[in-house]
Each structure stands twice: as structure tokens, then as C-alpha cells.
Amino acid sequence: MRGRGRDARFPATLLLVAVANVPIASCSSGDSLRDGPAAPAGPRLYVTSGLTDEVLRLDPEDGSIVGRIPTDRRRDEVDEPHGVAASPDGLHWYVTVSHGEPTLWKYETEGDRLVGRVSLPTAGAARIGITPDGSRGFVPDYDRSRPGEYGRLAVIDLRDLEVEGTPLVCAGPHHAAADPEGVLVAVACSLGDEIVLLDATTLEEKGRFPAGEEPGAPGHPRYRPLNLAWSPDGRTLYAGLHLAGVVRAFNREGRVVGTAVVGDRPAQIEVTPDGGTVVVANRGEASVSIVDAATLTERLRVDVVAAHPHGIAVDAEGRRAFVSCEGTPETFGRVVAVDLSQGRVLWSVEAGAYTLGAAFIAAGS
């Protein structure tokens, strides 16, 4: 999938999306951050538009697009911004660019000012996991061209954007999630049907366990764990098993403590801040599952009427989920807001093309 031209997946008519000339500071890998970034004045929602090489900023209240931030380094190729994540204090946000030369970009939230980017010594770049203190980031090398081989995890010091290491972890690492205490990092091994636990500081392997009862051979997954989420107390790790249509809950030692049946092909998952609800984007059936965390039963399933739900972000109160939907070769991507208590769609807007990641930042974070 690397080196695609801009017409490789979407027809030209869909790629004539206006990209605003958003001024950003020119900087190279490892550029330092100016002192005292300001807190955002209002809540913000960011989504990545993979085939137009930009990040869109939306107003969470109505979905209106209020900013377009370009991540285009090769004008004739799709570089594909993939994952987007906010620092715990909300002062910065980060985006991965997957193709060409995989990179991690760092922005100040107020003003969406680019303050640095770093080239990653990997073949690809998936989602971004960040430690609770905001000092370290973890970007898995999700490279499907080597299905049976171990992939690496890029470990980045987010303060100065220096790569600290690239340990080999497992086949097809897709998501790395730091626990709320910053002690463990869990890695979902999508092509190896397993989950790996690393020490968040030393990167020493602390555990490795199968995602299902009968895992497939490396490169031929039966469950395909794609995305992870920790409970706020750090006692439970949730894993979405893409090929099994379930979310499985594990304790910190890797023992299964429950399984929730969700929709077809679950993609990203998030847990509400109070730990009571697990929200799942079901890529295979254009729906969102709202799961009770205590009983691991699906309380509601909401039809979002948009193709291929992929990313999930939950607001600070745990009232709304924002779902980024990829779209198809014939349709644009969309972003959909869902009321989690009533299970109803609040708004749905056309946004980008191959719309993948989503991140929410509260006002004054």
C-alpha cells in the first residue's frame, strides 16, 4: 500500500477536497518547543483524512469544520495521516503519517501550530499511545507486507521528539496503550493473535498472552486484535478482536475476565472517563456498540449510517462519542456524534476521505 498515487483508492472527483492554506511553522526533526503553550479556549475534535493528507478540526457541538491542517510532504502521493492523539494535559496533539517516510508530527493545540516532527525508523506508523505524564509516545510499525515477521515499536521522547528505541515486539503491531499509572504498555499484535505487555520505562517484556483460545499462526490471525483500551483504574485491559466480533477483557496478568459480543469487525474502542461504558466502532456494519463495562453486555447498538466506522473519541464527561468513518471509493468519509445514554445520532457530517483517527480535547485542558 506504500507509494500509492492520489487516485489509487478514490476517484478524482472525491479528491478535489479544498485544503485551506493553514500557516504552520517550518521545523525539522527534534525542533524544540517554545515555552508556555496556551490551553485551548474551547473543546476540539480532530480527525485524520488519509487520502487528502490533512487533519480536520471540527466543532464538537455541531460537526462544522473549523480548521484544516495539511500533512502533505509529497504532493503527488498519498502520505496518509493515520492516528491522532492528544497529550493528557491537552496542550499538544500528535499525528502519525504512515507512508513515504513515516513520521510523527507534534502541534500546539492553541493555534494548531506545528512545533516539530520526527522521522520514524520503521516501514509504517499506526496509532499513538502516550504515557499519563505525556512524556513518552509509542507508535507501532503496522506493516502488512511482512505478515509473519515481527514488527517494531517506535518509542519517542515527546518533549524533544527523539527516538529512544525500536524494540521488536510481535507480528503486525497495530496499537500500543499505556496504562493509567504509566507502568505497563500493552501492544495489540494484529497478525500474531496475541497481546504483549512491556515495562513502560525499561521496555522489558513483562508478559505475552493469546487474544483467543486457538490463535492462528503468525501472519494468519484467527482473532486479529487491533485496538486496546485500559479501564481508568488500570485493572482491566480491553481488546477489540476484529475477526471475532467481540471485545475481550483481560486483567493485568493477561487472564480473560470477560467477553462482550459487539458488531461486525470492531475497530477502535474507548472507555468513558468513569469506567462504566466501553464504546466500539464496528467497521463491518456501520454501527457503534455501547457496552456496559460491569456486565460486559451490549446495552445499545447504534446505526451511524456511514461506511466503515473506524476511530472513536469520547468527550470529557462521557456523554458523547465521536466516530470517524472511512467512507468508500465512491463516498466521502464522515464524522458522527452519538449520545451514549440514549443511543441516538446527534449530528453527522461529511469530512475528508479515508477518515481514520479521532481525538477529543476539552476546553481549558
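These remarks concern the structure in this document. Since we're looking at a predicted model, the values are computed, not measured. (Residues numbered from 1 in each chain as written. Predicted model: local features only at pLDDT ≥ 70, side-chain atom pairs only at ≥ 80, totals over all residues. Heavy atoms only, no water.)

## Notes on the overall build of the protein
Put simply, the test is: Every helix listed is a DSSP run of H or I at least four residues long, and every strand listed is a run of E at least two residues long, numbered separately from the N terminus. Throughout, the Shrake-Rupley method with a 1.4 Å probe supplies accessible areas, and for residues the shown protein chains are the sole cover considered.
What the protein contains, in helices and strands, is zero helices and 29 strands. Accessible surface computed for the protein: about 13,800 Å², of which carbon and sulfur atoms make up 47%.

## Remarks on unusual backbone geometry
Quick reminder of the rule: We call a residue buried when its accessible area falls under 20% of the maximum for its residue type, exposed when it is over 50%, and partly exposed in between, using a 1.4 Å probe and counting protein chains only.
A positive phi angle, close to 55°, is found at Leu161, a residue other than glycine. Mapped onto the elements of the fold, Leu161 is located in the loop between strand S10 (150-157) and strand S11 (162-165). Relative accessible area serves as the criterion here: at 2%, Leu161 is assigned to the buried category. One non-glycine residue, Arg224, lies in positive phi territory at about 55°. Structurally, Arg224 can be placed in the loop between strand S16 (205-210) and strand S17 (225-230).

## Describing the environment of Gly254
The topology assignment puts Gly254 in the loop between strand S19 (246-250) and strand S20 (256-261). Among the residues examined, Gly254 registers a relative accessible area of 15% and is labelled buried.

## Things to note about the sheet that holds strand S25 (residues 309-314)
So the rule is basically this: DSSP-based pairing: two strands are paired if at least 2 bridges between them are found. Fitted lines through C-alpha atoms give the axes, limited to the stretch in contact for helices. The angle between two N-to-C directions lies from 0 to 180 degrees.
Spatially, the four strands line up as an open sheet ordered S25-S26-S27-S28, and their pairing is antiparallel. Pairing within the sheet leaves two strands with one partner each, and these edge strands are S25 and strand S28 (344-350). Averaged over all pairs of adjacent strands, the angle between their axes in this sheet comes to 20°, without regard to strand direction. Note that strand S26 (residues 320-325) and strand S27 (residues 334-339) share six bridges and pair antiparallel.

## A closer look at the sheet that holds strand S7 (residues 113-119)
Strand order in this open sheet of four strands is S4-S5-S6-S7, and the pairing throughout is antiparallel. Of all the strands in the sheet, just strand S4 (81-86) and S7 have a single pairing partner and so form its edges. For this sheet the average axis-to-axis angle between neighbouring strands, irrespective of direction, equals 20°. Pairing analysis gives six bridges linking strand S6 (residues 103-108) to S7, with the strands arranged antiparallel. The partner of Leu104 across the bridge, within S7, is Val118.

## Some remarks on the nonpolar core
One recurring pattern in soluble globular proteins: nonpolar side chains tend to sit buried together. What counts, and what does not: Throughout this description, the term nonpolar core refers to a set of buried Ala, Val, Leu, Ile, Met, Phe, Trp, Tyr and Cys residues connected via side-chain atoms within 4.5 Å. A contact between two residues is defined here by any heavy atoms of the two lying within 4.5 Å.
Membership of the largest hydrophobic core comes to 16 residues, with the highest contact counts inside it found for Ala186, Ile195, Leu228 and Leu237. Those elements that place two or more of their residues in this core are strand S14 (184-189), strand S15 (194-199), S17, strand S18 (237-241) and S19. Aside from chain neighbours lying at most four places away, what touches Ile195 is Ala186, Val187, Gly207, Arg208, Phe209, Leu228, Leu237, Ala239 and Phe250. One finds Ala281, Val304, Val323 and Cys325 within the second-largest nonpolar core, a separate group that totals 15 residues.

## A look at the packing of aromatic side chains
Let me state the cut-off plainly: Two rings belonging to Phe, Tyr or Trp (six-membered ring only in the last case) form a pair when the distance between their centres is within 6.5 Å. Interplanar angles under 30 degrees mark stacking, angles over 60 mark edge-to-face geometry, and anything in between is tilted. Criterion for a charge above a ring: Lys NZ or Arg CZ within 6 Å of the ring centre, and within 35 degrees of the ring normal.
Under the definition given, this model contains five aromatic pairs. The interplanar angle of 10° and the centroid separation of 5.7 Å between the aromatic rings of Phe322 and Phe360 together place this pair among those described as stacked. In this pair, Phe322 is assigned in strand S26 and Phe360 in strand S29 (residues 355-361), connecting sequence segments 38 residues apart. Stacked on the ring of Trp105, the Lys or Arg Arg117 has its end atom at 4.6 Å from the ring centre.

## Side note on the side chain of Thr103
Note the cut-off: Pairing of N or O atoms within 3.5 Å defines a polar contact, subject to two protein rules: one partner must be a possible hydrogen donor and the other a possible acceptor, and residues neighboring in sequence count only if both atoms are side-chain atoms.
With respect to the secondary-structure elements, Thr103 resides in strand S6. The class of Thr103 is buried, set by a relative accessible area of 1%. A polar atom in the side chain of Thr103 sits 2.7 Å from the side chain of Trp105.

## A word on the pattern of salt bridges
To keep things clear, this is the line we draw: For salt bridges, the criterion is a side-chain nitrogen of Lys or Arg within 4 Å of an Asp or Glu carboxyl oxygen.
Enumeration according to the criterion identifies 18 salt bridges in this entry. A salt bridge links Glu61 to Arg320, with the nearest nitrogen and oxygen atoms 3.3 Å apart. In this pair, Glu61 is assigned in the loop between strand S2 (54-58) and strand S3 (65-70) and Arg320 in strand S26, connecting sequence segments 259 residues apart. The exposure class assigned to Arg320 is buried, which follows from its relative accessible area of 8%. For Arg248, the salt bridge goes to Glu213, with nearest N and O atoms at 3.6 Å.

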